[in-house]
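Here is what each chain is made of, one letter per residue.
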Amino acid sequence: MADVLVVAEVAEGKLKKTTHSAITFAQKAAATIGGTFSILVIGDGAGKAAAEAQGFGAAKILVVEDASLKNYLAERYAPTVAAIGKNYGVVVGTASAYGKDLLPRVAARLGAGYASDITEVTPENGNLRYKRPMFAGNAFGICSISTPIQVVSVRQSAFAAAEPTGGQSPVETVAYAGPSKAAERVEFVSFDQVKSARPELTEARVVVSGGRALKEKFNQVLDPLADVLGAAVGASRAACDAGYAPSDLQVGQTGKIVAPQLYFAIGISGAIQHLAGMKGSKVIVAINKDADAPIFQVADYGLVADLFATVPELVKGIQAAKG
Amino acid sequence: MKILVALKRVADPDNANKVKIPASGEKIDTTGLEWKPNPFDEYALEAALRLTENGTQPKVRAGEVVVVTFGPKETETTLRAALATGADKAIRVDAADDKLDGDLVARALKALVEKEKPDVVLMGKQAVDGDSNQVGQILAELLDWPMATFAATIREEAGALLVGREVDGGVSTLRVKLPAVVTVDLRIVAPTSVYSTKTPQTHKYNDGVRFAALPAIMAAKKKPLVEVKLADLAPEQAMKVSYHGFAAPPARKAGIKVKDVSELVSKLKNEAKVL
């Protein structure tokens, strides 16, 4: 085993917060195997974002910038990430949409084994052991990778965001390795961004999620509560499928995985695949008029009540409590 | 258009909380759970069927759908069900469930793709047992094909697919020229998610996946189902990722029911200290 390479995620000249969880993993893994870690900042605006990456104690910051990297495509990124990654023992990114799309391609290019969405790393005779959730979080597997290079993605909510510790890691510019042949047959068309003034779901300290029971009043009921708490808004799959909430708010096995300090499940019954996305929350509050809803089995505080009457009352109560 | 759909059977995902892990932690015990097709792969099959028909005349096939699964003999039940809903041909790659990892499946699929020469490989973005989310991406790289992962919409164009992908913070749209690999997300089975060049854009599908009618189930028994040896597709069968043990998730301690909003606020403020 040698050193660890973090593949940063860049947006508009900044490191995305997802990167900080991969850095935390890298700090741990490098200490475990007695190596160092470096951070690869690749994409449009990578040069600017690289400065941000300097304060985490990395051996070096590698920067790859090229006009053709403007809109992310795995077919354009993977060859360069793999070319740099082959000098490392572990290549890591966060299991965001970006990491989940790119890292398996990088692994295939390197002939490396890939373990996704890991929540824990521990030493094992000079190698690393990874813990990862399976079966919608109803089991954890403990695995290891046998190839000389290992590629992993980490679950953002399981690795606290790294804080800058000062220091100035040296920055090194690396040439773009060019696209793969596949890139000739894929074209970026558009990105329709959902704009929101609220914190990102996966990073928020408080999340307020609603279910199908809210119907067309989804925003009308939840927004005031989210406002008073400075919370992100989430939704159950049923609420998204019914069109009451946009699909990128979906919390669950196949949506966003969140682990905030405080999670409100409002009008959410608690299907297995929803629980998989929020069970790691520190404090869970459930409000549902069905006393038998499975959500109450994981809630720290359950309130059996009509949500349309209760939530406005709760907003007032929280306002008063916060003074 | 010829489409290869990779279909995995999994222990009933709606009862995934009933998986048991023996104290030794040596395996995950799914005894008593029914086998079902991985939901995302079922959605991929539905998308493949929509791409190979005119939605107003779904019984007339306008392309070919080949389904493939990896597993022991009994996984042929899953394949027969896929044939009954409209797939044209099925392949079972004979393998033991616990002797496969994502990389090995992708390598074997690559060999199969070279033999079958599909225009598109479709599969779910992840299987809900392993939750790995990797086979489609690895396969695309091994083939040096373009890919579109997490597809929520697909529009067929001449020689290409326009794919809307669900990513963090919005929808990213790509155009992939064929042949290509596409992995699908939940919303690919919504009424207006997938159109072939033949289906009128005004046509609305039923929400979800289609079910087989009894005559189709009978007819499916006559459709071709072939068995292939894993070794013929992937001579190197060592796994790159191996599991040493399994653990149950930490149990949450039982919570309490509060009687009203003021008690809830008081608990959150004074007991949990999260306000």
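Conventions used here
- Residues numbered from 1 in each chain as written.
- Chains lettered and ligands numbered in written order.
- Predicted model: local features only at pLDDT ≥ 70, side-chain atom pairs only at ≥ 80, totals over all residues.
- Heavy atoms only, no water.
- Buried < 20%, exposed > 50% of the residue type's maximum accessible area, 1.4 Å probe, protein only.
- Helix = DSSP H or I, 4+ residues; strand = E, 2+ residues; numbered from the N terminus.
- Pairing = 2+ DSSP bridges.
- Patch = residues over 30% accessible without salt bridge, like charges linked within 9 Å, V, L, I, M, F, W, Y side chains within 5 Å.
- Areas by Shrake-Rupley, 256 points an atom, 1.4 Å probe, with all protein chains shown as cover.
- Salt bridge = Lys/Arg side-chain N within 4 Å of Asp/Glu carboxyl O.
- Domains from an automatic or database assignment.
- Contact = heavy atoms within 4.5 Å.
- Buried area = accessible area lost by both parts, 1.4 Å probe.
- Polar contact = N/O pair within 3.5 Å; in protein donor to acceptor, adjacent residues only side chain to side chain.
- Nonpolar A, V, L, I, M, F, W, Y, C, P; charged D, E, K, R; others polar.
- Axes fitted to C-alpha atoms, helices over the stretch in contact; angles between N-to-C directions.
- Arc of directions from axis to C-beta.

A closer look at the pairing of strand β11 (residues 150-154) of chain A
Residues and elements named next belong to chain A.
And then number 1: Counting buried positions over the five residues of β11 gives five, a clear majority of the element.
And then number 2: Alternating residues of β11 divide into Gln 150, Val 152 and Val 154 and Val 151 and Ser 153, and every residue in both groups is buried.
And then number 3: Pairing analysis gives five bridges linking strand β6 (residues 90-94) to β11, with the strands arranged parallel. In the sheet register, Val 90 faces β11, and the bridge partner there is Gln 150.

Some points on a nonpolar patch on the surface
And then number 1: Together, Leu 214, Ile 217 and Met 218 of chain B make up a nonpolar patch on the protein surface, roughly 300 Å² of accessible area in all.
And then number 2: Position of Leu 214 of chain B relative to the elements: it lies in helix α5 (residues 214-220).

A look at the domain arrangement of chain A
Residue and element names in this part refer to chain A.
And then number 1: Segmentation of chain A into domains returns domain 1 (4-185) and domain 2 (206-322).
And then number 2: Each of domain 1 and domain 2 has a C-alpha centre, and the two are 32 Å apart.
And then number 3: Across the boundary between the two partners, domain 1 contributes six residues, which contact seven residues of domain 2.
And then number 4: Together domain 1 and domain 2 conceal approximately 510 Å² of surface at their shared face, both sides included; 51% is due to carbon and sulfur atoms.
And then number 5: Among the residues domain 1 hides against domain 2, the three largest losses belong to Ala 136, Arg 155 and Ser 157. Together they make up 75% of the total.
And then number 6: Where domain 1 packs against domain 2, one counts zero residue pairs in polar contact (both at pLDDT 80 or more).
And then number 7: Taken together, the residues of the side of domain 1 that touches domain 2 break down into two nonpolar, three polar and one charged.

Looking at the sheet that holds strand β17 (residues 283-288) of chain A
And then number 1: Across the sheet, which stays open at both edges, the six strands sit in the order β15(A)-β14(A)-β16(A)-β17(A)-β18(A)-β14(B) with parallel pairing between neighbours. Edge positions in the sheet fall to β15 (232-235) of chain A together with β14 (256-257) of chain B, since each has one partner strand and no second.
And then number 2: Sheet analysis places strand β16 (residues 262-266) of chain A next to β17 of chain A, joined by five bridges and oriented parallel. Among the inter-strand pairings, Leu 262 of chain A is bridged to a residue of β17 of chain A, identified as Val 283 of chain A.
And then number 3: Along the sheet, helix α5 (residues 218-229) of chain A contacts β14 (206-210), β15 and β16 of chain A; its crossing angle with β14 of chain A, the most-contacted strand, is approximately 170 degrees.

Some remarks on the pattern of salt bridges
Oppositely charged side chains may form a pair once their charged atoms are brought near each other.
And then number 1: In this structure the tally under the stated criterion is 41 salt bridges over all chains.
And then number 2: Here Lys 70 of chain A ties to Asp 44 of chain A by a salt bridge, and the two come within 3.8 Å at their closest N and O atoms. Placement of the pair is Lys 70 of chain A in the loop between β5 (61-64) and α3 (74-85) and Asp 44 of chain A in the loop between β4 (37-42) and α2 (46-53), with a sequence separation of 26 residues.
And then number 3: With its nearest N and O atoms 3.0 Å apart, the salt bridge here joins Arg 210 of chain B to Glu 46 of chain B. Linking Arg 210 of chain B in the loop between β11 (194-195) and α5 with Glu 46 of chain B in helix α1 (residues 39-51), this pair joins segments that are 164 residues apart in sequence.
And then number 4: With a relative accessible area of 4%, Glu 46 of chain B lands in the buried category.
And then number 5: Each of the salt bridges in this network shares a partner with another, and the network as a whole consists of Lys 73, Glu 76, Arg 92, Asp 94, Glu 227 and Lys 229 of chain B.

Focus: the side chain of Arg 165 of chain B
And then number 1: The residue Arg 165 of chain B is located in strand β8 (residues 160-167) in this model.
And then number 2: Judged by its relative accessible area of 5%, Arg 165 of chain B is buried.
And then number 3: Looking at Arg 165 of chain B, its side chain comes within polar contact range of the side chain of Thr 149 of chain B, at 2.8 Å.
And then number 4: Excluding residues that lie within four positions of it along the chain, Arg 165 of chain B makes contacts with Asp 101 of chain A together with Ala 148, Thr 149, Phe 150, Ala 151, Ala 152, Gly 170, Val 171, Ser 172 and Leu 174 of chain B.

Thoughts on the interface of chain A and chain B
And then number 1: The interface of chain A with chain B comprises 88 residues on the first partner and 79 residues on the second.
And then number 2: Between chain A and chain B, a total of about 6,900 Å² is buried, with carbon and sulfur atoms accounting for 56% of that surface.
And then number 3: Of all residues in chain A, Phe 135, Arg 185 and Tyr 301 of chain A bury the most surface against chain B, accounting for 13% of the area lost on that side.
And then number 4: Between Arg 187 of chain B and Asp 241 of chain A there is a salt bridge, and its shortest N-O distance comes to 2.9 Å.
And then number 5: The dominant element in the side of chain A that touches chain B, judged by the number of residues it contributes, is strand β13 (residues 186-193) of chain A, at eight residues.
And then number 6: Along the lines of polarity and charge, the residues of the side of chain A that touches chain B split into 42 nonpolar, 23 polar and 23 charged.
And then number 7: Bridge analysis of strand β18 (residues 301-304) of chain A against β14 of chain B gives two bridges, and the strand direction is parallel. Note that in β14 of chain B the partner of Gly 302 of chain A across the bridge is Lys 257 of chain B.

Observations regarding helix α7 (residues 261-271) of chain B
And then number 1: By the burial criterion, the buried members of α7 of chain B are Val 261, Leu 264, Val 265 and Leu 268 of chain B. Projected onto a plane normal to the axis of α7 of chain B, the buried residues spread over an arc of 95 degrees and lie on a single side.
And then number 2: Next to the buried residues of α7 of chain B lie β16, β17, β18 and α8 (307-322) of chain A.
And then number 3: Looking one or two residues beyond α7 of chain B, the residue adopting positive phi is Lys 273 of chain B, at roughly 55 degrees.

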